[in-house]
Structure formats: C-alpha cells, structure tokens
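Next come the chains, spelled out residue by residue.
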Amino acid sequence: MPDHNQPSMTRGERVRAAARTLRTPRTAQWIADETEVSVKTAQKYLEQLAEDNVLREIEQGEQTLYGIDQLMATYREVAALQREHDREELTTALESMRTKITDWKVSYDVETPGELRASIADLDDSDEMAQRREIASEWEHLEDRLPVIRAALNEYDWATKRDTISA
C-alpha cells in the first residue's frame, strides 16, 4: 500500500488516499491503523466518502466495511473517457484492443486468457512461458477495459449533449 503517512498530508487527506487504494473492503479500525488517525476520525472521513459515492458501506455482522464503489468508479471513468477523447479516438482504441485479442487467439490457438495461461504447462522455454504469462495479463486487462470504452461510445452523444454549458 502507498505511504499514507506523509507529514505534509492532513489526517483527512491520509484517510482519503488510503480509501481510494482499497483492494478489498476494510473496517474503519484498519484504515485508522494504516493512516495513524483515531477510529472516530477515520469513520468521519469514510462516511463522507460513502456519501459522495466513492466508497460503499458493507454491513458484515456487527461491523461496517468500506470498499470502493465500483459502479460509481466506472461511471466516472466513462465520463473521463468521453471528456478526454473524441468518438474517433475511442473507436480506434476499441478496434486496436479487439485486433490484439483476435491476433492472440489465432497465434496461440486459444479462446481465453485462461487457456493461454494453461498452455504454459506444455512449454519448456522459460522466455516463451514469461511471454505468454505477460500476454495473458494484458489480455485480461483489455477485456476489463473493453466494456468501459464501449459504454463511453454508446452514450457519447447523450453525455456530450449534457456536458455542454448552456449560456
């Protein structure tokens, strides 16, 4: 986890920074320990982040866990793509990603990154093993990105119409 204990950061900044890097939902106590703040301080900032749809509160028995709100994070990512790239750039990125995946399927005679990883068992060459592992990771990353870019394109007109400021 990144260092959230920089002296230049306020308690709130430390809690916010730690919360934004959560890989799995955590308790306010865990965040407090990580950021060297009181549990009460951690809860205050975590509740604000939940109200702002950055985090989700997850009730687990007697405990409240805080985790990234993936739906809102994806919406923010789609909006950022629409604002930072025009339709043609997004279309080109989508085509490029699909072409890479198709090329890997043909080159390695597999249909999924999992099949490509499984094919490593049949190899002796450590360089080829490493290359396949790296390609499988990139393939998985691209498969995660494709629906986000598709969503940005699908709603491009709708979003750009609403994003303009009327005078």
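Note that the coordinates shown come from a computational prediction; the quantities given were computed from them, not determined experimentally.

> So what's going on with the environment of T21? Which residues, and what values?
Relative to the helices and strands, T21 resides in the loop between α1 (11–20) and β1 (26–27). Note on T21: relative accessible area 27%, which makes it partly exposed. Residues T21 and H141, 120 residues apart in the sequence, show an inter-C-alpha distance of 18 Å.

> Give a description of the packing of aromatic side chains that names residues and reports values.
Here the structure, examined in full by the defined rule, presents one aromatic pair. Between the aromatic rings of W104 and W139, the centroid separation amounts to 6.0 Å while the plane-to-plane angle is 35°, which identifies the pairing as tilted. One end of the pair, W104, is in helix α5 (residues 87–108); the other, W139, is in helix α7 (residues 126–154), and 35 residues separate them in sequence. Here W139 falls in the buried class, since its relative accessible area comes to 0%. If you follow R26 out to its NZ or CZ, it ends over the ring of W30, 4.3 Å from the centre.

> Describe a positive patch on the surface, naming the residues involved and giving the relevant values.
Judged by side-chain charge, R11, R16, R20, K44 and R76 come together as a positively charged surface patch. With three residues, the top contributor of residues to the positive patch is α1. Residue placement: K44 occurs in helix α3 (residues 39–51).

> Tell me about the pattern of salt bridges, residues and numbers included.
A side chain of one charge can pair with a side chain of the opposite charge if their charged atoms are brought near each other. Following the criterion strictly, the structure yields five salt bridges and no others. Of the charged contacts, one joins K105 and E111 as a salt bridge, the two residues approaching to 3.8 Å between their closest N and O atoms. You can call K105 partly exposed: its relative accessible area is 26%. For E140, the salt bridge identified is with R117, shortest N-O distance 2.9 Å. Residue E140 is located in helix α7, and its partner R117 is located in helix α6 (residues 113–119); the two are separated by 23 residues in the primary sequence.

About the cut-offs
Residues numbered from 1 in each chain as written. Predicted model: local features only at pLDDT ≥ 70, side-chain atom pairs only at ≥ 80, totals over all residues. Heavy atoms only, no water. Helix = DSSP H or I, 4+ residues; strand = E, 2+ residues; numbered from the N terminus. Buried < 20%, exposed > 50% of the residue type's maximum accessible area, 1.4 Å probe, protein only. Phe/Tyr/Trp six-rings, centres within 6.5 Å; stacked < 30°, edge-to-face > 60°. Lys NZ or Arg CZ within 6 Å of the ring centre and 35° of its normal. Patch = residues over 30% accessible without salt bridge, like charges linked within 9 Å, V, L, I, M, F, W, Y side chains within 5 Å. Areas by Shrake-Rupley, 256 points an atom, 1.4 Å probe, with all protein chains shown as cover. Salt bridge = Lys/Arg side-chain N within 4 Å of Asp/Glu carboxyl O. Lys, Arg positive; Asp, Glu negative; His and termini not counted. Charge placed at Lys NZ, Arg CZ, Asp CG, Glu CD.

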